[in-house]
Amino acid sequence: MDSKDRSAWKRELLPVLPGGLALALGDMPERAAESLEEIRVRALRPVMVMAPEGKYLTSRGELTDDANIALHASMADCGFILERISQHSLYAIEQEMRSGYISLLGGYRVGFCGKPVTEEGRVRHFTNMTSFCIRIAREHKGCADKVMPWLFRAGELMSTLVLSPPRCGKTTIIRDIARQLSLGAHGRLWQVVIVDERSEIAGSCRGVPQNDVGPMTDVLDACPKAEGMRIALRAMSPGVLVTDEIGSQEDRRCIIDAAGAGVAVIASAHAASVEEALKRPVLSELLTEGLFGRVVVLSRARGAGTLEGVYDGETLRPVLVEGCAS
Amino acid sequence: MRYILLCAASIAVALVGFYRASLFAGRMAAIEAFIASLSQLSLLISYEALPLREAAERLAKADNAAAPFWAALREALPGAPDTRTAWDAAMRAAKAKSARLSSLLPQDEAVLSEFASGLGKSDAKTQQAGVALATERLRPLLARAREQSESRGKVARSLGVLGALAIFILLM
């Protein structure tokens, strides 16, 4: 169940889109609007919506497979989007821009492509931004209900790794896990710290979480993961650390530090299965070292967030096999 | 009755002179205020990364000639397609309300408008460079405005007084 109206994005996002595109999206069929996941705008090319399959959008709001009759975005449209999403202030979102995305009020995230301007080998900012991927933020409160009982052993929370390919609901489920722990689970209120490098979990806008992450949750927004985990361990005395998309050796070292400090880590990573995760260097080390007590695997088999199974972190054997939407 | 009309005409001529002088002083005050505002804007951008609308709101609270402009910019930004459009609309609106801003010359406005075309479109470092460039271009205009305010302002005031006296003597 979504916490907010499924078409709330129209109210919150259409004002940042140019007139023609906003009108077309406003006229989209209600069912498609409710399941909309992404809007892709590329200069001089047809506008595409993922609802959840990719379709082109016509100027009358119809969905089509024919690119020739689709609404095409102009260079001016891209300029308009950039001005609006940055509130005419690109300097205010410099750090996010270097990462290739901008977070909007309401928890929406706009990824973009353009020509990066580099300085000493690092991206300083972007120019000529001509591609935008607008991700519709949706909270699915309760989507972690099925996995929550499996995250505890003798009342103790186990570190958990959530695996799935992109767009399968990893972030959504770890957000709900954070929320539920923060609200109280297994007779205890958990002090949760989210290290939200890409502002996707809490969807913070100017430091304020736009998604419900629970009353006992602190968010380190747009903070590099490893550095954020170190800061959280040092300064916030968390009971649980939550972070997204782990995969580097530095992440691994921080997870070892957290385990050493008795802090459970709830993290996600790209992999379609445990077998696939074992083929990735850092993930395989994390799994074989037994740093995670549980591994949750998600897919899109029956829609985003389909729970494929919950695995024991030590034996890597399934403790729950599902295959149904969580 | 004749003397009353004579006095009124003389005072009117004197006031025209003083009004002309105040325009020179107004232009100087407006440019000075913009230089000060831009310097403050640079700080708001680099240290607080404050979005432009909020920065304009902060600058509108200053007690200087540019404050009405920043208040108008704050209002114009949300509906504008880009910063330059909002800036130009705000300048028109502020000039209609403020005598000091209406004394800005086209060359003063051109410098500010060119600055606006890059405002908010890049990182803080480039924005600071933009502010520095605009300030550098405004300084000679301010020097000229100050010079004009002193020399031509004095001339306008003197001509006003002399004109008033001349009218009084001739028509008496």
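The following paragraphs examine the structure supplied in this document. (Residues numbered from 1 in each chain as written. Chains lettered and ligands numbered in written order. Predicted model: local features only at pLDDT ≥ 70, side-chain atom pairs only at ≥ 80, totals over all residues. Heavy atoms only, no water.)

**A closer look at the interface of chain B and chain A**
Inference 1: Each partner contributes to the interface: chain B provides 22 residues, whereas chain A provides 14 residues.
Inference 2: In this assembly, chain B packs against chain A so that about 1500 Å² is buried in total across both faces, 47% of it on carbon and sulfur atoms.
Inference 3: Of all residues in chain B, the largest losses of buried area upon contact with chain A belong to P51(B), G120(B) and D123(B), amounting jointly to 28% of the total for that side.
Inference 4: Run the count over chain B and chain A and you get two salt bridges.
Inference 5: For the salt bridge of K125(B) with E119(A), the shortest nitrogen-to-oxygen distance reads 3.2 Å.
Inference 6: Joining chain B to chain A, the criterion identifies twelve residue pairs in polar contact (both at pLDDT 80 or more). (Contact = heavy atoms within 4.5 Å. Buried area = accessible area lost by both parts, 1.4 Å probe. Salt bridge = Lys/Arg side-chain N within 4 Å of Asp/Glu carboxyl O. Polar contact = N/O pair within 3.5 Å; in protein donor to acceptor, adjacent residues only side chain to side chain.)

**Things to note about unusual backbone geometry**
Residues and elements named next belong to chain A.
Inference 1: Here the phi dihedral of L44 falls at roughly 65 degrees; this positive angle occurs in a residue that is not glycine.
Inference 2: As for its placement among the helices and strands, L44 is situated in the loop between β1 (38-42) and β2 (48-50).
Inference 3: Judged by its relative accessible area of 61%, L44 is exposed. (Helix = DSSP H or I, 4+ residues; strand = E, 2+ residues; numbered from the N terminus. Buried < 20%, exposed > 50% of the residue type's maximum accessible area, 1.4 Å probe, protein only.)

**Notes on the packing of helix α3 (residues 67-76) of chain B against helix α4 (residues 83-97) of chain B**
Residue and element names in this part refer to chain B.
Inference 1: Remark: α3 packs on α4, axes separated minimally by 8 Å, with the N-to-C direction vectors making an angle of 130 degrees. As the angle between them shows, α3 and α4 are arranged oblique. By crossing handedness, the relation of α3 to α4 is classed as right-handed. Seen from α3, the contacting residues are P68, F69, W70, A72, L73 and A76; seen from α4, they are A86, W87, A90, M91, A93 and A94.
Inference 2: Considering only residue class, the contact of α3 with α4 consists of twelve nonpolar, no polar and no charged. (Axes fitted to C-alpha atoms, helices over the stretch in contact; angles between N-to-C directions. Parallel < 35°, antiparallel > 145°, perpendicular 65-115°, else oblique. Left-handed = near helix turned anticlockwise from the far one by under 90°. Nonpolar A, V, L, I, M, F, W, Y, C, P; charged D, E, K, R; others polar.)

**Notes on helix α2 (residues 52-60) of chain B**
Inference 1: Within α2(B), burial applies to L52(B), A55(B), A56(B) and L59(B). Projected down its long axis, α2(B) shows its buried positions confined to an angular sector of 100 degrees, all on one face. (Arc of directions from axis to C-beta.)

**Some words on the nonpolar core**
Residues and elements named next belong to chain B.
Inference 1: Core analysis: the largest hydrophobic core is formed by 44 residues, its most contacted members being L41, F69, W70 and W87.
Inference 2: Counting only elements with at least two residues in this core, the list comes to α1 (2-48), α2, α3, α4, α6 (106-118) and α7 (124-171).
Inference 3: Per-element tally for this core: the top contributor is α1, with ten residues.
Inference 4: Dropping the residues within four chain positions of it, W70 is found in contact with S37, L38, L41, A56, L59, A60 and W87. (Core = buried A, V, L, I, M, F, W, Y, C linked by side-chain atoms within 4.5 Å.)

**Some remarks on the packing of aromatic side chains**
All names here are of chain B.
Inference 1: Within this structure, the stated rule accounts for eight aromatic pairs over all chains.
Inference 2: With 5.6 Å between their ring centres and 90 degrees between their planes, W70 and W87 make a pair best called edge-to-face. Placement of W70 in helix α3 and of W87 in helix α4 is noted, with a sequence separation of 17 residues between them. The two residues W70 and W87 agree in class, both being buried.
Inference 3: An aromatic cluster is built from F34, F69, W70, W87 and F115, whose rings are joined through pairwise contacts. (Phe/Tyr/Trp six-rings, centres within 6.5 Å; stacked < 30°, edge-to-face > 60°.)

**A word on the sheet that holds strand β5 (residues 101-103) of chain A**
Residue and element names in this part refer to chain A.
Inference 1: With antiparallel pairing, the seven strands of this open sheet are ordered in space as β4-β3-β2-β1-β7-β6-β5. The sheet terminates laterally at β4 (63-64) and β5, the two strands that pair on one side only.
Inference 2: Strand contacts of helix α2 (residues 19-26): β1, β2 and β3 (54-57), with the helix running at about 120 degrees to β3, the strand carrying the most contacts. (Pairing = 2+ DSSP bridges.)

**Some points on the pairing of strand β6 (residues 109-119) of chain A**
All names here are of chain A.
Inference 1: Examined bridge by bridge, β5 and β6 share three bridges and lie antiparallel to one another. Paired with Y101 across the bridge in β6 is G111.
Inference 2: If you look at the hairpin formed by β5 and β6, you'll find five residues sitting between the two strands, and G106 has a positive phi there, around 105 degrees.
Inference 3: Sheet analysis places β6 next to strand β7 (residues 122-135), joined by ten bridges and oriented antiparallel. Of the residues in β7, the one forming a bridge with V117 is H125.
Inference 4: Where β6 folds back onto β7 in an antiparallel hairpin, the turn is made up of two residues, including E120, whose phi is positive at roughly 50 degrees.

**Describing empty space enclosed by the protein**
The gaps left among the atoms become clear once a water-sized probe is rolled over them.
Inference 1: Scanning the entire structure with this criterion turns up two cavities of 30 Å³ or more.
Inference 2: Estimates place the volume of the second largest cavity at around 40 Å³. (1 Å grid on protein atoms, 1.4 Å probe; cavity = no way out; pocket = protein on both sides within 12 Å on 5 of 7 lines; lining within 4 Å. Points joined across faces, edges and corners; volume = space filled by probe spheres on them.)

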